[in-house]
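# Results of the structural survey
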Number of protein chains: 2
Amino acid sequence: MAEVKSVDTRERILDVAERLFMGHGYDGTSMRMITSEAAVNLAAVNYHFGSKESLMQEVFRRRLDWLNEERMRVLNTLEREAAGKALKPSQIVDGFFGTLLRMADDEKRGGTTFLRLLGRTLTDPSEFIRTFLAHEYAAVVDRYKEALFKALPDVPKAEIVWRFHFMLGATSYAIAGTDALRLVTDWQIEESDSIDRMDRLVPRLMSFLLGGLRSPLPQFSDAAATVETKAGHTTTAANAGPAVDSK
Amino acid sequence: MAEVKSVDTRERILDVAERLFMGHGYDGTSMRMITSEAAVNLAAVNYHFGSKESLMQEVFRRRLDWLNEERMRVLNTLEREAAGKALKPSQIVDGFFGTLLRMADDEKRGGTTFLRLLGRTLTDPSEFIRTFLAHEYAAVVDRYKEALFKALPDVPKAEIVWRFHFMLGATSYAIAGTDALRLVTDWQIEESDSIDRMDRLVPRLMSFLLGGLRSPLPQFSDAAATVETKAGHTTTAANAGPAVDSK
DNA sequence: CTATGATTAAAACGAACGTATGAATTATAG
DNA sequence: CTATAATTCATACGTTCGTTTTAATCATAG
């Protein structure tokens, strides 16, 4: 049972595939691109993973297994320390999105490459990929969803689910499309450095997410206004509704 | 110069291509899928558009030309009515994102199909697509960016650009991935109908975007706290910083 | 060392891809 | 009606795709 070179081969394929899938998408990345860049034989992918689809799934599973466990672990710890009391929304948001974003610093867990891949893949057209990702996420998302329900008892559950959706979108776009808007605008970076990206992106994004999560509830045409009532929710009735303004 | 049937052919190709590109992505949609569903000859695309890339660009240009003009028109009207005074952030956000979202109701402008396509394409891996989209968006984004700078003079410009980025992400994900999270969670829709999507999505998303845009500024490790000072910004110093909580 | 199973290598498979060609068909102009 | 340009059509080209096959190479156990 020889397993010396094969481990390296497997890992090298996964690393290259991760990077190429990130840059060119699933359909846009060919087996020959992967195997030639990884300096392995063309048949190696099918030998080690069975098919291109299975390779893609393994690329994600390698990272998501850890991420899911870490997210669960963080939430368990938080709830244990809270001793039955509801968590603070910021704790929950940080447990879910902060844990994800901190992977950027951990090159061993894929770093920014995997983050960008994940961000782009959430809106990937390929059917089997979205199905696979949804299945991988299901349990963890449900747990965090429930935590948010408990943390925000006055907010309709449907509203929380929607805002979770919005937070996911803002995050995945932030980690995926760092180039898109950069080309569009002059980017207006007055600040000194520009490669520090992540350590400044995280607080920026967190602030945005929490602002959105805790924003006054929308008012529909028919329904009566449902406004946050809990003390400290910063939201006042004065600026509730979709037309919240600064003056 | 016969142009009777060709117009129908062109439009039919564009309509089918728009729908298929939305569902399967650019690489995942073949010429044969398009031409067979559109009931035209395989060579029709190359005859009318030259190439697959040109077809893709025409699919977008057909919708974006109108969207860009409308966004410009709305902003011009707002600024004319404001008579030099700064606009309200909600007006600017609604002008940019509301105008986009309202395309969903206009089947003549592509409706939800184009919206979902646009949302997914912003993170599309194909190089030429992102370049093309960035070029199409540049002028309008710059104008709205400037409007936000003027509306929020106390907020650092870099911060505004980031939050614009985040808003774009939340929006594109909201209109693109309506299925992704639906599979993950039980979706917790307590409300009656579920097909009304857009007319309830718009105020929901708007509320979220404004909450994020007007959220207290993040505090970095080194820098001093920069907190919104303008009256009515709802944000109090007590819950400024990345760890904003409800209690 | 030899036998055995795991891995790598080179080559080929059929299918699907985007595109191009030239003839047939259709519509319009004079 | 005839001539001419625009469009549609059937078909084929050359490439690239993911996968498979068969043989060669490697590492380890007995």
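An account of the accompanying structure is given in this report. Everything numeric in this text was worked out from a predicted model, so none of it was measured.

Scoring rules and cut-offs
Residues numbered from 1 in each chain as written. Chains lettered and ligands numbered in written order. Predicted model: local features only at pLDDT ≥ 70, side-chain atom pairs only at ≥ 80, totals over all residues. Heavy atoms only, no water. Core = buried A, V, L, I, M, F, W, Y, C linked by side-chain atoms within 4.5 Å. Buried < 20%, exposed > 50% of the residue type's maximum accessible area, 1.4 Å probe, protein only. Contact = heavy atoms within 4.5 Å. Helix = DSSP H or I, 4+ residues; strand = E, 2+ residues; numbered from the N terminus. Expected span 1.5 Å × (residues − 1). Phe/Tyr/Trp six-rings, centres within 6.5 Å; stacked < 30°, edge-to-face > 60°. Lys NZ or Arg CZ within 6 Å of the ring centre and 35° of its normal. Axes fitted to C-alpha atoms, helices over the stretch in contact; angles between N-to-C directions. Parallel < 35°, antiparallel > 145°, perpendicular 65-115°, else oblique. Left-handed = near helix turned anticlockwise from the far one by under 90°. Nonpolar A, V, L, I, M, F, W, Y, C, P; charged D, E, K, R; others polar.

## Side note on the nonpolar core
Ranked by internal contacts, the top residues of the largest apolar core, which has 148 residues, are Leu-55 of chain A together with Leu-55 of chain B. In this view, Leu-55 of chain A contacts Ile-13, Leu-14, Ala-17, Phe-21, Ile-34, Val-45 and Phe-49 of chain A; residues no more than four positions away in its chain are not counted.

## Quick notes on helix 8 (residues 157-176) of chain B
Helix length check: helix 8 of chain B (20 residues) gives 28 Å between terminal C-alpha atoms against 28 Å at 1.5 Å per residue, within 8%. Most of helix 8 of chain B is tucked away, with 19 of its 20 residues classed as buried.

## As for the side chain of Thr-123 of chain B
Mapped onto the elements of the fold, Thr-123 of chain B is located in the loop between helix 6 (111-121) and helix 7 (127-151). The exposure class of Thr-123 of chain B is buried, given its relative accessible area of 7%.

## Examining the packing of aromatic side chains
Under the definition given, this model contains 19 aromatic pairs over all chains. Centroid distance Tyr-26 of chain A to Phe-128 of chain A: 5.3 Å. Interplanar angle 65 degrees. Geometry classified as edge-to-face. In this pair, Tyr-26 of chain A sits in the loop between helix 1 (4-24) and helix 2 (31-37) while Phe-128 of chain A sits in helix 7 (residues 127-151), placing the two residues 102 residues apart along the sequence. A residue is classified by how much of its surface remains accessible, and Tyr-26 of chain A, at 9% relative accessible area, is buried. With 5.7 Å between their ring centres and 35 degrees between their planes, Phe-21 of chain B and Tyr-26 of chain B make a pair best called tilted. Lying over the aromatic face of Tyr-26 of chain B, Lys-52 of chain B brings its terminal NZ or CZ to 4.5 Å of the ring centre. Between Arg-71 of chain B and the ring centre of Phe-96 of chain B, over which it is positioned, the NZ or CZ distance is 3.6 Å.

## Observations regarding the packing of helix 4 (residues 52-82) of chain B against helix 5 (residues 89-101) of chain B
Residues and elements named next belong to chain B. Across the interface, helix 4 lies against helix 5 with an axial gap of 10 Å and an inter-helix angle of 155 degrees. Classified by the angle their axes make, helix 4 and helix 5 are roughly antiparallel. Crossing handedness for the pair helix 4 and helix 5: right-handed. Residues Leu-67, Glu-70, Arg-71, Val-74 and Leu-78 of helix 4 form the contact with helix 5, whose own contacting residues are Gln-91, Gly-95, Phe-96, Thr-99 and Leu-100. Of the residues that constitute the contact of helix 4 with helix 5, the class distribution is 5 nonpolar, 3 polar and 2 charged.

## Quick look at unusual backbone geometry
Residues and elements named next belong to chain A. Phi angles above zero are rare outside glycine, and Ala-39 is one such case at about 60 degrees. By the secondary structure assignment, Ala-39 is in the loop between helix 2 and helix 3 (44-49). Even without being glycine, Ala-83 reaches a positive phi, approximately 55 degrees. Along the chain, Ala-83 falls in the loop between helix 4 (52-82) and helix 5 (89-101).

Interpretation note: all reported values are geometric properties and have no functional meaning in isolation.
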